[in-house]
Amino acid sequence: QSIAQEVMGLLCMVLLTLTALVANTVVMLVILKTPLLRKFIFVCHLCVVDLLSAIFLMPLGIISSSSCFNRVIYSIAECQALIFLNVCFISASILTISIISVERYYYIVHPMRYEVKMTIRLAVAGVIFIWVKSVLITVLALVGWPQGNGATSASRCTVYWSPGAHKKAFVIIFSIVCFVLPTIIIFAVYCSVYRVARTASQQHVSVPAPAAAPRQRSNSITSQVTIITTRNLPLPRLMPERFFLGSNKAILTLVLIVGQFLCCWLPFFAFHLHSSVTAGTVGGGHGEMVVTWIAYSSFAINPFFYGLLNRQIREELARLRRSCLNRPLGQELCLSVSEASVQENFLQFLQRATSTLETHTSCISSSPRNRLDQTKVAFPIPGQVPEEGS
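Here the structure is a predicted model, which means the values were calculated and not measured.

All right, on to the state of the cysteines then. A full pass over the atoms with the stated rule returns one disulfide. Cys79 shares a disulfide with Cys157; S-S distance 1.9 Å. Since a negative S-S torsion denotes a left-handed disulfide, the Cys79-Cys157 link at about 125° is right-handed. Highlighted residues: Cys79 in helix α3 (residues 76-109) and Cys157 in the loop between β2 (151-153) and α6 (165-206), separated in sequence by 78 residues. Here the two residues Cys79 and Cys157 agree in accessibility, since each one is buried. Free of any disulfide, Cys44 has its nearest cysteine sulfur in Cys47, 6.4 Å distant.

Per the counting criterion, the structure on display carries 13 aromatic pairs. Ring centres of Phe89 and Trp131 lie 6.4 Å apart, and the angle between their planes is 85°; on these two criteria the pair is classed as edge-to-face. Of this pair, Phe89 sits in helix α3 while Trp131 is found in helix α5 (residues 120-141), placing the two residues 42 residues apart along the sequence. The exposure class of Trp131 is partly exposed, given its relative accessible area of 24%. Among the aromatic side chains, those forming a connected cluster through ring pairs are Phe170, Phe174, Phe179, Phe261, Trp265, Phe268, Phe269, Trp293, Tyr296 and Phe299.

At a minimum axis distance of 8 Å, the contact between helix α1 (residues 2-33) and helix α2 (residues 41-65) shows a crossing angle of 160°. Between α1 and α2, the crossing angle belongs to the class labelled roughly antiparallel. The hand of the α1/α2 crossing is left-handed. Here the contact of α1 with α2 is built from residues that sort into 20 nonpolar, four polar and one charged.

It is worth spelling out the nonpolar core at this point. If you look at the biggest cluster of nonpolar residues, it comprises 62 residues, and the most contacted ones within it are Ile90, Phe170, Phe174, Trp265, Phe269 and Phe299. Only α1, α2, α3, α5, α6, α8 (235-277), α9 (286-308) and α10 (311-324) provide two or more residues apiece to this core. Of all the elements, α2 adds the most residues to this core, at 10 residues. In this structure, Phe299 is in contact with Ala20, Asn24, Asp50, Ser53, Leu57, Met58, Ile90, Ser93 and Trp265, ignoring residues within four places of it in sequence.

When two helices pack together, their arrangement is given by the angle between their axes and by how far apart the axes lie. Between α1 and α10, the least distance of the axes is 10 Å, while the angle of their chain directions is 85°. Here α1 is positioned roughly perpendicular relative to α10, judged by the angle of their axes. Between α1, through Val26, Val30, Ile31 and Lys33, and α10, the contact on the second element is made entirely by Ile313, Glu316, Leu317 and Leu320. Within the contact of α1 with α10, the residues separate by chemical class into six nonpolar, no polar and two charged.

With that out of the way, let us pick up the UniProt feature "transmembrane region" (unreviewed entry) in the protein chain. Mapped onto this numbering, the UniProt entry annotates "transmembrane region" (unreviewed entry) at residues 6-31, 40-63, 83-102, 122-145, 169-193, 250-270 and 290-309. Span residues 40-63 is 96% helix and 0% strand, its end C-alpha atoms 34 Å apart. Structurally, residues 290-309 is divided into 95% helix and 0% strand, and its ends, taken at the C-alpha atoms, are 27 Å apart.

Scoring rules and cut-offs
- Residues numbered from 1 in each chain as written.
- Predicted model: local features only at pLDDT ≥ 70, side-chain atom pairs only at ≥ 80, totals over all residues.
- Heavy atoms only, no water.
- Disulfide = S-S within 2.5 Å.
- Helix = DSSP H or I, 4+ residues; strand = E, 2+ residues; numbered from the N terminus.
- Buried < 20%, exposed > 50% of the residue type's maximum accessible area, 1.4 Å probe, protein only.
- Phe/Tyr/Trp six-rings, centres within 6.5 Å; stacked < 30°, edge-to-face > 60°.
- Axes fitted to C-alpha atoms, helices over the stretch in contact; angles between N-to-C directions.
- Parallel < 35°, antiparallel > 145°, perpendicular 65-115°, else oblique.
- Left-handed = near helix turned anticlockwise from the far one by under 90°.
- Nonpolar A, V, L, I, M, F, W, Y, C, P; charged D, E, K, R; others polar.
- Core = buried A, V, L, I, M, F, W, Y, C linked by side-chain atoms within 4.5 Å.
- Contact = heavy atoms within 4.5 Å.
- UniProt positions renumbered as here; feature names shortened; annotations may be inferred.

This is the structure in structure tokens:
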């Protein structure tokens, strides 16, 4: 039974590593290859960080976690290098996720301000900030390590190998900076975006038909036909269905993103906090291995949640795959609101929530009467801050 568990654990670790390698590489190449997708610079940076973790950190984690490599010995310098990579890549990945959440918030709630201020210079400054902060936290982890030519087993190469009072301070600071604060930011940002999406849906449910508004009568035949056809649009029938669909998608997105972050990183930081503040408790062993690989699974999950679940990236990936296979691209299909994927992100949901008439009428047919029905009505998104004209 012990051998079977060891083999299963090793297979799971190898599978996670391969998944992280392939998924992050695919998403990164799709973004870099497509000019229109280069606006996802922070998603691309997250894939780079997770890919580096899959190349350097996760294989070393397999050696440290599996009993098949018990005879592997690390010197002090090699163990310090492993701790450096561990803390640095974890910090960079979590900080990048936090910046992606803030970027999405401004992209949705303050779109005009985002278009003006989100420049290449600001994006590069954000990336530099992530790495500088990660390196500073990592340097704090390496303070007080013993000097000399000592060595230790690979399975014991953790931050607790060098005991000292500063280790407790480091773990507390590391947990606050890289888990507590990002969790508060992610939860607050996505709750704010959810409230905006829900308010937009409720507003559309209660919006009357355009013909119900008092308007000045016109003798024009075109205006009379327009009033008749807009009165016949099935808005009261579609709006309640779309409201529940949109609300469910918004709730599902919030639960998936926040839940995935908490499931991957809460056990890791809770274990290290408990090990640092409990007297006589020394890290390492089976418990630390389990929570470490639960955290490492985030490197394999992130490209799906922040990359492949984005419809633009999926469509571009499918187009590149078809072009590589020399297949015809085919005719693009018009996706109605009811056929929309539950995996849409908040931005795509809000775009649908604010363009109901355009989406509905563009997918019906191209007859003259239906073209006459395409009356565009602009609905402001509740929660947006009015922008001042430049």
